[in-house]
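Summary of the model geometry
Chain by chain, the residues run as shown.
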Amino acid sequence: MSSDHKTFRTVIEPFTIKSVEPLRLTTKEERIGILEEAKHNLFKIKSQDVIIDLLTDSGTGAMSSEQWAAIMRGDESYAGSLSFQRFEAAVQDLMGFKNVIPTHQGRAAERILFSVMCKPGDVVPNNTHFDTTRANVEFQHAEARDLVINEGLDPQSRHPFKGNMDPEKLEETIKDVGVDRIPLCMLTITNNSGGGQPVSMGNVKAVKAVLDKYGIPLYFDAARFAENAYFIKLREPGYEEIPVKEIVREMMGYADGCTMSAKKDGMVNIGGFLCTNSDVLAQQEKDLLILTEGFPTYGGLAGRDLDAIAVGLTEVVQEDYLKYRLAEARYLGEHLAEIGYPIVQPPGGHAVYIDAKELLPHIPPLQYPGQSLSTAFFLEGGIRTVEIGSVMFGKIDEKTGVETPGHMELVRLALPRRTHTQSHIDYVVEVARELYDKRASLRGYKITKQPKFLRHFSAEFSPI
Ligand code: F0G
């Protein structure tokens with residue numbers, strides 16, 4: 001991994017491997033057939049046909065031996081289980097929120113939160129909404145508005161906290177739409193859709209100060225809260241010596257609640273939760289929970305899942321882990337940049353994002369340069385990445401049929417937690433180097449079949 005700036009020693013994986021999962025090493029000829037069969041959509045490829053899967057860091061990480069041991073302690077009682085008590089205590093100890101409601105994953109928490117808090121015509125500000133968050137706000141006929149700082153929209157800007165929300169844009173929005181139509185404000189830590197970029201403590205306080213003037217509650221989308229806290233420790237003056245756990249506690253102290261996908265910094269394969277300090281809201285949320293997720297002491301999860309989260313939350317704030325975690329993304333990012341890849345700088349906590357528009361200027365946005373690059377990574381090396389560009393965010397006008405491209409054409413290489421070794425990452429860099437030399441020969445794509453929404457999951461493509 002990258003060297004440790006203090007000792008100049010390699011940052012090693014802070015674990016050994018007790019259980020392994022074999023990889024099938026496919027040939028390029030095989031992959032040509034696999035890609036054609038999948039209609040050039042990487043979501044349609046079987047996992048056994050992928051060598052290095054960087055599609056997402058969500059639920060794809062490895063659990064520790066302590067987590068597997070906790071699985072065996074799972075108490076599957078319907079109501080009031082010991083597992084719930086351990087889970088609730090772990091969340092409260094770390095985050096300090098009064099009410100903790102388990103859900104099967106992050107989007108279930110979002111659905112419940114916005115169902116309870118939003119009415120049609122409302123506006124929910126966020127630095128940048130993740131797509132499920134946006135979809136859940138819009139499902140309530142409310143508007144999801146992104147107010148990230150301008151640096152956050154510039155892939156080359158080296159601002160240390162590109163996930164920050166612009167407090168002035170926030171205040172303008174409040175004055176413009178009126179307090180009554182803003183039921184809550186969200187901050188996504190780290191800002192996934194903006195390149196996995198962190199939010200500073202200073203920004204959390206500034207946003208909170210604006211919201212306090214108008215009595216608007218603040219919620220975190222806390223999926224990658226620990227990575228965000230470690231960035232604060234590394235980059236924000238005054239936090240160098242503060243333990244990450246205390247930084248998390250301070251951050252959460254400014255919020256009224258959070259939604260959480262435990263599939264990220266909960267270090268588990270499935271799970272999530274919703275927190276709030278309001279007993280009134282918590283009651284309404286639990287009433288909804290029972291309707292779709294389950295009784296409030298399990299919320300769509302097994303007792304053993306709750307136990308795995310409880311342990312995961314103690315492991316994710318261990319600083320040797322976080323140092324390795326950020327070093328892995330930095331190592332990949334720095335090597336790709338060295339080859340010549342334009343990446344979103346600086347690399348975020350969980351992923352590296354390549355700017356495919358800049359890399360492949362000969363492919364226009366509506367011929368999907370990100371799709372072209374991500375399928376090329378698969379063909380060359382069996383590496384699965386994800387397009388975050390016009391395939392995902394392009395909008396087709398229902399009346400005219402005219403398509404507007406997304407703002408950026410990115411390809412994300414997301415790193416599952418504790419899953420790959422340095423040689424896996426070196427292999428990705430080698431494939432990237434070969435691919436870089438061939439970039440002028442890559443061709444665009446056209447979509448041959450697509451559903452009405454969330455088309456990236458199931459669209460079919462053919463090369464141009
Ligand atoms: N919020 C953020 C910031 C996310 O990145 C995700 C999921 C969610 C909410 C939703 O959580 O999947 O548990 O329902 N992100 C995954 C990804 C899917 O690949 O980035 P979920």
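About the thresholds
- Residues numbered from 1 in each chain as written.
- Predicted model: local features only at pLDDT ≥ 70, side-chain atom pairs only at ≥ 80, totals over all residues.
- Heavy atoms only, no water.
- Helix = DSSP H or I, 4+ residues; strand = E, 2+ residues; numbered from the N terminus.
- Rg over C-alpha atoms; globule rule 2.2 N^0.38 Å.
- Buried < 20%, exposed > 50% of the residue type's maximum accessible area, 1.4 Å probe, protein only.
- Areas by Shrake-Rupley, 256 points an atom, 1.4 Å probe, with all protein chains shown as cover.
- Lys, Arg positive; Asp, Glu negative; His and termini not counted.
- Charge placed at Lys NZ, Arg CZ, Asp CG, Glu CD.
- Contact = heavy atoms within 4.5 Å.
- Phe/Tyr/Trp six-rings, centres within 6.5 Å; stacked < 30°, edge-to-face > 60°.
- Lys NZ or Arg CZ within 6 Å of the ring centre and 35° of its normal.
- Near = heavy atom within 4 Å.
- Polar contact = N/O pair within 3.5 Å; in protein donor to acceptor, adjacent residues only side chain to side chain.
- Nonpolar A, V, L, I, M, F, W, Y, C, P; charged D, E, K, R; others polar.
- Domains from an automatic or database assignment.
- Buried area = accessible area lost by both parts, 1.4 Å probe.
- Salt bridge = Lys/Arg side-chain N within 4 Å of Asp/Glu carboxyl O.
- Disulfide = S-S within 2.5 Å.

Concerning the overall build of the protein
A count of helical and extended segments in the protein gives 16 helices and 16 strands. Relative to the compact-globule value of 23 Å for 464 residues, the protein shows a C-alpha radius of gyration of 22 Å, a close match. Each principal axis of the C-alpha distribution contributes one length, and for the protein these read about 60 × 55 × 45 Å. Expressed as a percentage of its 464 residues, the buried residues of the protein come to 57%. Surface accessibility of the protein: about 19,600 Å² in total, with carbon and sulfur atoms responsible for 53%. In the protein, 52 side chains carry a positive charge and 64 a negative one; their mean positions are 2 Å apart.

Things to note about helix α8 (residues 225–235)
Extensive coverage of α8 is indicated by the burial of 9 of its 11 residues. By the burial criterion, the buried members of α8 are Phe225, Ala226, Glu227, Asn228, Ala229, Tyr230, Phe231, Ile232 and Lys233. Contacts made by the buried residues of α8 are with α3 (82–95), α7 (201–214), α9 (244–253), β7 (257–261), α11 (303–315) and α12 (319–339).

Comments concerning the environment of Gly382
In this structure, Gly382 sits in the loop between α14 (369–381) and β10 (383–384). Gly382 sits 85 residues away from Thr297 along the chain, and the two C-alpha atoms are 42 Å apart. With residues near it in sequence (within four places) discarded, Gly382 still touches Arg31, Val50, Ile51, Ile52 and Phe377.

Topic: the packing of aromatic side chains
What the rule picks out here adds up to 10 aromatic pairs. Taking 4.9 Å as the distance between ring centres and 75° as the angle between the ring planes, the aromatic pair formed by Phe43 and Phe457 counts as edge-to-face. Of this pair, Phe43 sits in the loop between α1 (28–37) and β1 (52–53) while Phe457 is found in the loop between β15 (445–449) and β16 (460–463), placing the two residues 414 residues apart along the sequence. A centroid spacing of 5.1 Å and a plane angle of 70° characterise the contact between Tyr78 and Tyr298, whose relative ring orientation is edge-to-face. Taken together, the residues span a long stretch of sequence, with Tyr78 in the loop between α2 (65–73) and α3 and Tyr298 in the loop between α10 (279–292) and α11 at a distance of 220 residues. On the accessibility criterion, Tyr78 (53% relative accessible area) is exposed. In textbook terms, an aromatic cluster arises when at least three aromatic residues are bridged by ring pairs, as seen for Phe15, Tyr321 and Tyr324. Directly above the ring of Tyr436 sits Arg439, whose terminal nitrogen or CZ lies 3.8 Å from the centroid.

What to know about the side chain of Lys208
Of note, Lys208 is situated in helix α7. Contacts of Lys208, omitting those with residues within four sequence positions, involve Leu218, Tyr254 and Asp256.

Considering the site of the ligand
The environment of the ligand is made up of 16 residues, and the closest members are Thr56, Arg107, Asp221, Ser261 and Lys264. Between an oxygen atom of the ligand and a side-chain N or O atom of Ser261, the distance comes to 2.7 Å. Protein chains bury 93% of the 480 Å² of accessible surface belonging to the ligand in isolation. The biggest single contributor to the shell around the ligand is helix α4 (residues 106–117), with 3 residues. Taken together, the residues of the shell around the ligand sort by class into 1 nonpolar, 8 polar and 7 charged.

Section: the domain arrangement of the protein
We note that the domain assignment places domain 1 (5–57 + 318–463) and domain 2 (65–315) within the protein. On a C-alpha basis, the centres of domain 1 and domain 2 stand 26 Å from each other. Both faces considered, domain 1 and domain 2 share a buried interface measuring about 2,500 Å² in area, 53% of it formed by carbon and sulfur atoms. Seen at the junction of domain 1 and domain 2, the total is 6 salt bridges.

Describing the state of the cysteines
Taken as a whole, this structure holds 0 disulfides when the rule is applied. No disulfide involves Cys258; its sulfur sits 4.0 Å from that of Cys275, the nearest cysteine. Assessed through its relative accessible area of 0%, Cys258 is described here as buried.

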